[in-house]
Amino acid sequence: MSEKPAASGNFILPEADRTQIMGVLNVTPDSFSDGGRWFDQSKAIDHGLELLESGTDIIDIGGESTRPGSVRVDQEEELRRVLPVIRELAAAGALISIDTMRAAVAEAALESGARIINDVSAGLSDPSMLGVAARTGAPVVLMHWRGYLDQASATFHYDDVVAEVIAELKTRIEDAVETGVRTENIIVDPGLGFSKNAEHNWQILAALDAFAELDHRLLVAASRKRFISSLLAPEDPALATESAKDQATAVISAIAAQAGAWAVRVHDPESSAIACRVVAAIAAHAPGEGRV
Ligand code: PMM
């Protein structure tokens with residue numbers, strides 16, 4: 001890995017007056033909900049442009065699926081998938097996060113125009129990841145993770161999911177700070193669906209205030225996940241429609257915005273952008289806000 005700072009050098013996240021919309025762009029054949037759809041690069045770029053037009057503030061580009069049972073892609077293939085898409089969309093003015101567990105991919109993505117690192121393993125998968133975040137000054141998402149999803153059955157037990165996820169996130173934050181990541185560059189994410197069943201996910205969503213109290217930017221990523229499908233179509237989650245899942249996701253986006261989340265990661269930006277704008281409008285009219 002090169003020692004020169006990546007192009008993102010000390011990028012500062014803009015302050016925003018509402019919860020930000022992170023639009024998902026998986027350049028993969030097999031992700032949770034959009035696997036295969038944007039695998040072709042020109043389709044991926046077109047979809048990125050559509051995401052921008054429909055309310056996306058940040059495009060989260062990933063080249064490796066994290067769905068249960070997925071096989072890891074090799075690094076060269078991951079780079080081949082994401083770099084051209086990042087270059088094009090960065091040139092179009094998009095703010096881009098790179099969804100990767102590999103430090104070398106994160107670094108190459110930053111050099112190609114991405115600004116934010118999104119690591120679902122919070123630096124646990126690749127020991128060089130936090131060093132890249134520290135050295136480049138890129139904001140980094142630290143998601144709660146207990147191992148690759150194919151090992152999930154061994155890591156599902158919690159006595160108190162909210163307390164344990166918060167405690168484990170605090171360890172990841174300490175590790176990042178010790179490695180040199182500035183505290184204002186740390187974004188935390190409870191990792192809905194990662195080593196967590198539906199019950200755990202709902203408990204976390206019921207306690208988002210506690211995650212907001214970690215005093216870092218909070219990212220909530222519920223979009224189209226299996227626990228939403230199971231709620232909407234308990235007999236056969238596969239029957240839950242995309243539109244119904246996006247409506248449910250938008251409600252969760254509103255709840256996250258209400259709890260003070262910095263961003264929500266979603267597949268359908270439009271519905272969640274509306275939800276977050278409504279919450280911001282209500283907040284701006286709360287007693288004592290903006291009155292003389
Ligand atoms: N989930 C997925 C991928 N990347 N990143 C963050 N920070 N948080 C998440 O919960 C998360 C993520 C898997 O969902 P997808 O396959 O629909 O992208």
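About the cut-offs
- Residues numbered from 1 in each chain as written.
- Predicted model: local features only at pLDDT ≥ 70, side-chain atom pairs only at ≥ 80, totals over all residues.
- Heavy atoms only, no water.
- 1 Å grid on protein atoms, 1.4 Å probe; cavity = no way out; pocket = protein on both sides within 12 Å on 5 of 7 lines; lining within 4 Å.
- Points joined across faces, edges and corners; volume = space filled by probe spheres on them.
- Helix = DSSP H or I, 4+ residues; strand = E, 2+ residues; numbered from the N terminus.
- Expected span 1.5 Å × (residues − 1).
- Buried < 20%, exposed > 50% of the residue type's maximum accessible area, 1.4 Å probe, protein only.
- Arc of directions from axis to C-beta.
- Contact = heavy atoms within 4.5 Å.
- Near = heavy atom within 4 Å.
- Polar contact = N/O pair within 3.5 Å; in protein donor to acceptor, adjacent residues only side chain to side chain.
- Areas by Shrake-Rupley, 256 points an atom, 1.4 Å probe, with all protein chains shown as cover.
- Nonpolar A, V, L, I, M, F, W, Y, C, P; charged D, E, K, R; others polar.
- Phe/Tyr/Trp six-rings, centres within 6.5 Å; stacked < 30°, edge-to-face > 60°.

Draft legend 1. Broad picture of empty space enclosed by the protein. Under the definition given, this model contains three cavities of 30 Å³ or more. Counted as a void, the second largest cavity has a volume near 40 Å³. What lines the second largest cavity is simply Glu64, Thr66, Asp99, Thr100, Met101, Asn118 and Val120.

Draft legend 2. Spatial organisation of helix α5 (residues 161–179). If you check α5, its first and last C-alpha atoms are 27 Å apart, about what 19 residues at 1.5 Å a residue would give, namely 27 Å. Among the residues of α5, Val161, Val162, Val165, Ile166, Leu169, Arg172, Ile173 and Ala176 are the ones counted as buried. Taken end-on, α5 shows its buried residues confined to a sector of 120°, consistent with a single buried face. Contacts made by the buried residues of α5 are with α4 (129–136), β5 (140–143), β6 (186–189), α6 (198–205) and α7 (208–212). Backbone geometry just downstream of α5 places Gly180 in the positive-phi region, at approximately 110°.

Draft legend 3. Geometry of the site of the ligand. Close to the ligand lie 17 residues; Asp99, Asn118, Asp189, Lys225 and Arg265 are nearest. One nitrogen or oxygen atom from the side chain of Asn118 is found 2.8 Å from a nitrogen atom belonging to the ligand. Take His267: an N or O atom from its side chain is 3.1 Å from an oxygen atom of the ligand. Within the complex, 99% of the 410 Å² of free accessible area of the ligand lies under protein. Each residue belonging to the shell around the ligand can be placed in one class, and the counts come to eight nonpolar, five polar and four charged.

Draft legend 4. Seen up close, the side chain of Glu78. Inspection of the secondary structure assignment puts Glu78 in helix α2 (residues 75–91). Contact partners of Glu78, with chain neighbours within four places excluded, come to Gly63, Glu64, Val73, Asp99, Thr100, Arg102 and Val105.

Draft legend 5. Spatial organisation of the packing of aromatic side chains. Throughout the structure, instances matching the rule amount to one aromatic pair. Look at Trp202 and Phe227: their rings are 4.9 Å apart centre to centre, the planes differ by 75°, and that puts the pair in the edge-to-face class. A residue pair is termed long-range when its members are at least 10 positions apart, and Trp202 in helix α6 and Phe227 in helix α8 (residues 226–232) qualify at 25 residues.

Fair warning: the whole summary comes from geometry, so function is off the table for now.
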